[in-house]
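# Observations on chain architecture
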Amino acid sequence: MPPSCHPAVPREGKARGQPAAAPAEAGGGNREGLGRAVTRRVAPGPAVAGGVPPAPARGWRRNRGCLEARLPPPAPPAGVGASAAPGPSTAQASLRQPPCLEPSLPLQSIPGPGQGLVGLYGYCYQDSNDIPDTLTTITELGSPLEMIQLLQTSWEDRFRICLSLVRLLHYLAHSPLGSVTLLDFRPRQFVIVDGELKVTDLDDASIEESSCTSNSDCFMEFPARNFTLPCSVEGRCQSMNEKRNLYNAYRFFFTYLLPHSAPSSLRPLLDKIVNATGELHWGIDETAAQLEKVLNLYKSGEYLQNTTRMPKAEYRRVPEAFIPDENYRCWPSYHHKGCLLSVFDVNEAIEICDSYSQCKAFVLTNQTTWTGRQLVFFKMASNHIVPDPDKITYVKVTD
């Protein structure tokens, strides 16, 4: 049977804008129009009334002696993998399945691009002699998550990773399906797309809150900590799915990415967020609200109000000028061969230059980061200045 391919049903949501180009000196480029194809073996579903099996699932697998369906995609068109006769809906079909054949989260019901899940571009049902009964999904391309590399990036980019993760977990805690937990919560289940964290695999997601008769039934065990949550009067462990996601976010991401090299005035609030999530004193709503507060303080420049901003030196402004060489390295930097940092305004650039003994000039570019902050090159001399209509150079004239 020839493959049958379908575009994904568009999800509602705000379209994502294109990322800003890197500064001229930074180099590099964006990979556009690329996707990722994943092929999985699909076992046929059980027969149901009406003669139509449920839609093939994304990755059927054996689990405790039975097949468990995972993430069914939209039903194939008539004549593809099922009878052309009208049949029950996926929801109706699932009611007639044996208990061990419960399809979990429908792919079109979970968040799409911009909400923390890689975009689904399309899928193909295919049957051949080489690979029988397969489903191939074509998804948005993302970069693998490398924690060592992340630790070497700017705090602003690391904060973006944590913020996008919290926004995803907030959505999952309040999804139309109920509170969703990621049972296989590890960095390798995520990729980075345009600077934001997205989950790629929901095969082990669950919407079932654990049942209980007492608080002792609501025990969560982690390698370094254990927690006991309250048992509700309905006989369910309160917020267990949400709290499991949140603590995993703390131990895999927050503790490494949030506090280090953050602006000093934001450190107390960031430490409070890390400690509160590490002890599960907060739920996802409060955690998300506090991270959004950090974002607003950072974008608005309010975090600079409590800092002393008295320039130590005088600077001469040179419009439409650039210093092509005279680089020195700093950490963290957006440029691997120079010192390229983001600033809220020229006063913050002066403060940064004053803090580096080797800094003798800096160049304001017309490029901005995802928060709207301006990218600035810091230079160790100003011997060679060239015309550039898109840049402004400030040269230190007194120390």
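Structure's up top.
What follows concerns the environment of Cys124. For Cys124, the location among the structural elements is in strand S5 (residues 120–126). Given the relative accessible area of 13%, Cys124 is considered buried. Taking C-alpha positions, Cys124 is 6.5 Å from Thr137, a pair spaced 13 residues apart along the chain.

For the rest of this paragraph, the subject is the state of the cysteines. Inspection of every chain in the model, using the stated rule, returns four disulfides. Here Cys212 is linked by a disulfide to Cys231, with a sulfur-sulfur distance of 2.0 Å. Every disulfide takes its handedness from the sign of the S-S torsion; for Cys212 and Cys231 that torsion is 95 degrees, giving right-handed. Note that Cys212 is positioned in the loop between strand S11 (205–206) and strand S12 (219–221) and Cys231 in the loop between strand S13 (226–228) and helix H4 (240–257), a separation of 19 residues in sequence. The pair Cys212 / Cys231 is uniform in exposure class, with both members buried. Note that Cys330 is cross-linked by a disulfide to Cys339, the S-S spacing being 2.0 Å. Handedness here is read from the sign of the S-S torsion; for Cys330 and Cys339, about 95 degrees, the answer is right-handed. Given a relative accessible area of 0%, Cys339 falls into the buried group.

A separate point is the packing of aromatic side chains. Applying the stated criterion across every chain, the model contains 17 aromatic pairs. For the ring pair Phe185 and Phe253, a centre distance of 6.4 Å and an interplane angle of 75 degrees mean the geometry is edge-to-face. Of this pair, Phe185 sits in the loop between strand S8 (181–182) and strand S9 (190–193) while Phe253 is found in helix H4, placing the two residues 68 residues apart along the sequence. Judged by relative accessible area, Phe185 falls into the buried class, the value being 3%. Relative accessible area serves as the criterion here: at 0%, Phe253 is assigned to the buried category. Judged by centre distance (5.6 Å) and plane angle (55 degrees), the ring pair of Tyr315 and Phe362 falls under tilted. With a gap of 47 residues between them, Tyr315 in strand S14 (residues 315–322) and Phe362 in strand S16 (residues 361–368) connect regions that are remote in the sequence. On the accessibility criterion, Tyr315 (16% relative accessible area) is buried. Grouping aromatic residues by their ring pairs yields a cluster made of Trp155, Phe159, Tyr298, Tyr303 and Trp370. Lying over the aromatic face of Phe377, Lys379 brings its terminal NZ or CZ to 5.2 Å of the ring centre.

Okay, the side chain of Ser333 next. Within the secondary structure layout, Ser333 lies in the loop between S14 and strand S15 (339–343). Under the relative-accessibility criterion, Ser333 is labelled buried at 18%. Reaching out from Ser333, the side chain makes a polar contact with the backbone oxygen of Gly338 at a distance of 2.9 Å. There is a polar contact of 2.9 Å between the side chain of Ser333 and the backbone nitrogen of Leu340. Setting aside its immediate chain neighbours within four residues, Ser333 contacts Gly338, Cys339, Leu340 and Leu341.

Okay, unusual backbone geometry next. The phi torsion of most residues other than glycine is negative, and most of the peptide bonds are trans. Residue Pro332 is bonded to the preceding Trp331 through a cis peptide linkage, with omega at -10 degrees. Tracing the chain through its elements places Pro332 in the loop between S14 and S15. We note that Asp194 has phi near 50 degrees; this positive angle belongs to a residue other than glycine. Turning to its location among the elements, Asp194 is positioned in the loop between S9 and strand S10 (196–199). The backbone of Glu320 shows a phi angle near 50 degrees, a positive value even though the residue is not glycine.

Rules and cut-offs
- Residues numbered from 1 in each chain as written.
- Predicted model: local features only at pLDDT ≥ 70, side-chain atom pairs only at ≥ 80, totals over all residues.
- Heavy atoms only, no water.
- Helix = DSSP H or I, 4+ residues; strand = E, 2+ residues; numbered from the N terminus.
- Buried < 20%, exposed > 50% of the residue type's maximum accessible area, 1.4 Å probe, protein only.
- Disulfide = S-S within 2.5 Å.
- Phe/Tyr/Trp six-rings, centres within 6.5 Å; stacked < 30°, edge-to-face > 60°.
- Lys NZ or Arg CZ within 6 Å of the ring centre and 35° of its normal.
- Polar contact = N/O pair within 3.5 Å; in protein donor to acceptor, adjacent residues only side chain to side chain.
- Contact = heavy atoms within 4.5 Å.

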